[in-house]
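# Coordinate inspection notes
Read off the chains here:
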Amino acid sequence: MQQSETLAPSLKATNCAKSLTYGQRAQLATNPVAKRLFETMERKRTNLIVSADVTEKKALLELIDAVGPHVCAIKTHIDIVNDFDWDLIEQLQQLARIHDFIIFEDRKFADIGNTVQLQYQQGIYRIAEWADMVNAHSVPGPGIIEGLRAVGLTKNRALILLPQMSSKDNLATGDYTQKTVAWAQQYDDFVIGFIARQQLVEDQKFLHFTPGVQLALKGDALGQQYLTPQVAIRDGSDCIIVGRGIYHADNYVAAAQEYQVVGWESYLKRI
Ligand code: S5P
């Protein structure tokens, strides 16, 4: 894989070394969201996260309701919804309870600690009130983690960092990747894992989330790069994140089912 060549030697995953089941890993988790996510994956037999990148409230809720039984988490980009209102959040939370999934807001915070605290809690989205997990770039340094952590821990939330990205020629490589992983380890009560293309740490309490996953490997015109679910999980991913591969399918329930089965079978091969 292209990016592994740029990783520091200590981060190169020679072979994916993950022998424990999701259920066993729930016992290792110290953060409540990580624990709940592992337990949900085990209970529902799914490592699929649907990236619900849909811009109209009604269509977004319909998609989430339809794929909900097949996922461990739903990933949102709340700021792309044209007709956002607080009722959307309440319905999303209700669907999360009905279908038993975790809510991941893909906010990719990227500012200094003080600013991200405001972005996390305030404004029209009040993300900290409803998102079980959010993610953040590490480019500002550890202050961004400290800012989010001070808010998130009081609400039993979790953070995912991005030591790698899926897009072509991204700058999250080498030393950046390595430092990001080290900060995750330093703040491991709040940081539960990584957006990653392959396994970055051996400690199995950390989750590796892989976006840029598609069975058809179609790619797009703007630099997105895809792996198949089989390759992602073989190389150490714990959760596959699938957007257009599902919500652009003619039948998105059937597509979600297919990704659930392929993802789960790939995981069973690994343990
Ligand atoms: O490196 C990344 C990180 C993320 S979170 N690459 C990504 O593609 N993502 C997100 O995953 C992206 O913002 C989008 O919501 C989803 C991928 O969507 P797809 O339609 O390409 O599957």
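A short tour of the structure in this document, coming up.

Cut-offs and rules
Each chain carries its own residue numbering, running from 1 in the direction its sequence is written. For this predicted model, a pLDDT threshold of at least 70 governs which residues receive local features, and a threshold of 80 or more governs which side-chain atom pairs are given and counted, while totals over whole chains, interfaces and linings are taken from all residues. The basis for every side-chain value is the complete set of non-hydrogen atoms in the structure, without hydrogens or water. The secondary structure listing takes helices from DSSP runs of H or I that are at least 4 residues long and strands from runs of E that are at least 2 residues long, numbered from the N terminus. It is over C-alpha atoms that the radius of gyration is taken, and the globule rule equals 2.2 Å times the number of residues to the power 0.38. Classification of residues uses two cut-offs on accessible area relative to the type maximum, computed with a 1.4 Å probe and protein chains only: under 20% is buried, over 50% is exposed, and between them is partly exposed. It only takes one pair of heavy atoms within 4.5 Å for two residues to be counted as in contact. Accessible areas in this description were obtained via Shrake-Rupley with a 1.4 Å probe; residue shielding takes into account the shown protein chains only. Charged-residue counts in this description rest on Lys and Arg as positive and Asp and Glu as negative, His and the chain ends being excluded. By convention, the charge on Lys lies at NZ, on Arg at CZ, on Asp at CG and on Glu at CD. Proximity criterion: a residue is near a molecule or strand once any of its heavy atoms comes within 4 Å of it. Distance and chemistry together define a polar contact, namely a pair of N or O atoms within 3.5 Å, with one atom able to donate a hydrogen and the other to accept it when in protein, and with adjacent residues in sequence counting only for side-chain atoms on both sides. Throughout this entry, Asp, Glu, Lys and Arg are counted as charged residues, while Ala, Val, Leu, Ile, Met, Phe, Trp, Tyr, Cys and Pro are counted as nonpolar. The remaining residues, Gly among them, count as polar. Here a cavity denotes grid points, spaced 1 Å and computed from the protein atoms alone, that fit a 1.4 Å probe unable to get out, and a pocket denotes an open set having protein on both sides within 12 Å along at least 5 of 7 lines; residues with an atom within 4 Å of a point are the lining. Grid points are joined across faces, edges and corners, and a volume is the space filled by probe spheres set on the points. To form a nonpolar core, buried Ala, Val, Leu, Ile, Met, Phe, Trp, Tyr and Cys residues must be joined to one another through side-chain atoms within 4.5 Å. The pairing criterion is simple: DSSP has to find at least two bridges between the two strands. For helices, the axis comes from a line fit to the C-alpha atoms of the stretch in contact; other axes are also lines fit to C-alpha atoms, and the angle between any two N-to-C directions lies between 0 and 180 degrees. A clockwise path from the first strand over the helix to the second, with the strands pointing away from the viewer, defines a right-handed crossover.

The next subject is the overall build of the protein chain. In terms of regular secondary structure, the protein chain is built from ten helices and eight strands. Its C-alpha radius of gyration of 17 Å places the protein chain within 12% of the 18 Å reference for a compact globule of 271 residues. The principal-axis extent of the C-alpha atoms belonging to the protein chain is close to 50 × 40 × 40 Å. Here the protein chain holds 271 residues, and 54% of them are scored as buried. When contacts within the protein chain are restricted to residue pairs at least 6 apart in sequence, those whose partners lie at least 24 apart make up 72%. As displayed, the protein chain has an accessible area near 11500 Å², and 49% of this comes from carbon and sulfur atoms. Charge-centre separation for the protein chain: the mean point of 27 positive side chains lies 3 Å from the mean point of 31 negative side chains.

Below, the discussion takes up the site of the ligand. As a matter of local geometry, the ligand sits amid 14 residues, with Asp-53, Lys-75, Ser-166, Tyr-226 and Arg-244 nearest to it. Contact between the ligand and Tyr-226: an oxygen atom at 2.6 Å from a side-chain N or O atom of the residue. Here the shell around the ligand is built from residues that sort into four nonpolar, five polar and five charged.

In this section: the environment of Ala-34. By the element assignment, Ala-34 lies in helix α2 (residues 32–44). Looking at Ala-34, the relative accessible area reads 3%, which means it is buried. Sequence-distant contacts of Ala-34, defined by excluding residues within four places in its chain, comprise Ala-29, Ile-192 and Leu-207.

Here the structure, examined in full by the defined rule, presents one cavity of 30 Å³ or more. Approximately 50 Å³ is the volume found for the largest cavity. Residue classes in the lining of the largest cavity are distributed as five nonpolar, two polar and two charged.

Grouped together as the largest cluster of nonpolar side chains are 83 residues, with contacts concentrated most on Leu-37, Met-133 and Phe-209. Apart from residues lying up to four places away in sequence, Leu-37 is in contact with Cys-72, Ala-73, Ile-102, Met-133, Leu-207, Phe-209 and Cys-239.

Moving on: the side chain of Thr-210. Relative to the assigned elements, Thr-210 resides in strand β7 (residues 207–210). Owing to a relative accessible area of 0%, Thr-210 belongs among the buried residues under this scheme. When residues no more than four places from it in sequence are discounted, the contact partners of Thr-210 are Ala-196, Arg-197, Leu-227, Ala-232, Ser-237, Cys-239, Ile-240 and Ile-241.

Taken in spatial order, the eight strands of this closed barrel run β1-β2-β3-β4-β5-β6-β7-β8, and their pairing is parallel. For this sheet, the mean inter-axis angle between neighbouring strands, taken without regard to orientation, is 30 degrees. Pairing analysis gives three bridges linking strand β6 (residues 191–195) to β7, with the strands arranged parallel. Bridge assignment links Phe-194 to a residue of β7, and that residue is His-208.

Here we take up the pairing of β6. On any regular strand, side chains alternate: one points to one face of the sheet, the next to the other face. Of all five residues in β6, five are buried; the element is thus mostly enclosed. In this sheet, β6 lies alongside strand β5 (residues 158–161) in parallel orientation, the contact comprising three bridges. Directly across from Leu-161, in β6, lies its bridge partner Phe-194. Of the crossover connections in this fold, the one passing from β5 over helix α7 (residues 174–186) to the parallel β6 is right-handed.

Now for the environment of Gln-260. Relative to the helices and strands, Gln-260 is located in helix α10 (residues 252–270). Spatially, the C-alpha atoms of Gln-260 and Ile-98 are 18 Å apart, while their sequence positions differ by 162 residues. Those residues in contact with Gln-260, other than ones at most four positions away along the chain, are Lys-44, Arg-45, Thr-46, Leu-48 and His-70.

Where empty space is left becomes clear once a probe the size of a water molecule has been rolled over the atoms. Within this model, the largest pocket holds a volume of roughly 400 Å³. Taken together, 26 residues form the lining of the largest pocket, with Lys-75, Ser-166, Pro-211, Gly-212 and Gln-224 sitting closest to its centre. At the level of elements, β3 (102–109), β8 (239–242) and α9 (244–247) are the ones that each hand at least two residues to the lining of the largest pocket. It is α9 that contributes the most residues to the lining of the largest pocket, three residues altogether. When the residues that make up the lining of the largest pocket are grouped by side-chain class, the tally is ten nonpolar, ten polar and six charged.

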